[in-house]
Amino acid sequence: LAFGDGSATCGGLLIGGRKLPWNSRKTIAGFACFLLVGIPMSAIIYWGEANNLEAIGQSGSVSFTTACLVAASATIMAAVAESLPSRINDNVRVGVAAGVTLAAVQWLVVGWT
């Protein structure tokens, strides 16, 4: 998700444009960049990690479609957490939101072995 957060900053500054309705310091372009970069990168990383030899031996392989579902859920929640106006450091909010969402969706879709 570091790719998503960084691309949100770059996209927001370079593209600019309309602001988010709930946070006038963030742009729609930055939010979209977070999703456009974050989802594929997190899906590739999740899929690769879920299909290493040790993971396959414990719980079986994970399809790329499943990896996209789990990673997209976590990335969307991380993008929302990053865009909310708050005094808490956004790196903490993004990490917690992504981690909790990833664990919940992992448990619901893949299972916990």
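What this report covers is the structure whose coordinates are included nearby.

A surface patch of nonpolar side chains, about 670 Å² in accessible area, is lined by Leu69, Trp107, Leu108, Val109, Val110 and Trp112. Top element by residues in the nonpolar patch is helix H5 (residues 90–110). It accounts for 4 residues.

Moving on, we come to the packing of aromatic side chains. Overall, the coordinates contain 2 aromatic pairs when judged by the stated rule. Ring geometry for Trp22 and Phe31: centres 6.0 Å apart, planes at 85°, overall edge-to-face. Note on Phe31: relative accessible area 19%, which makes it buried. Plain terms: the ring middles of Trp47 and Phe64 are 5.9 Å apart, the flat faces sit at 85° to each other, and that makes the pair edge-to-face.

Right, let's get into the side chain of Thr101. Among the secondary structure elements, Thr101 is positioned in helix H5. You can call Thr101 buried: its relative accessible area is 15%. With residues near it in sequence (within four places) discarded, Thr101 still touches Ser73, Ala74 and Met77.

With that out of the way, let us pick up the side chain of Asn51. Relative to the helices and strands, Asn51 resides in the loop between helix H2 (28–50) and helix H3 (53–59). Side-chain polar atoms of Asn51 contact the backbone oxygen of Trp47, separated by 2.9 Å. Reaching out from Asn51, the side chain makes a polar contact with the backbone oxygen of Val62 at a distance of 2.9 Å.

What counts, and where the lines are drawn
Residues numbered from 1 in each chain as written. Predicted model: local features only at pLDDT ≥ 70, side-chain atom pairs only at ≥ 80, totals over all residues. Heavy atoms only, no water. Patch = residues over 30% accessible without salt bridge, like charges linked within 9 Å, V, L, I, M, F, W, Y side chains within 5 Å. Areas by Shrake-Rupley, 256 points an atom, 1.4 Å probe, with all protein chains shown as cover. Salt bridge = Lys/Arg side-chain N within 4 Å of Asp/Glu carboxyl O. Helix = DSSP H or I, 4+ residues; strand = E, 2+ residues; numbered from the N terminus. Phe/Tyr/Trp six-rings, centres within 6.5 Å; stacked < 30°, edge-to-face > 60°. Buried < 20%, exposed > 50% of the residue type's maximum accessible area, 1.4 Å probe, protein only. Contact = heavy atoms within 4.5 Å. Polar contact = N/O pair within 3.5 Å; in protein donor to acceptor, adjacent residues only side chain to side chain.

These values are about where atoms sit, not about what they do.
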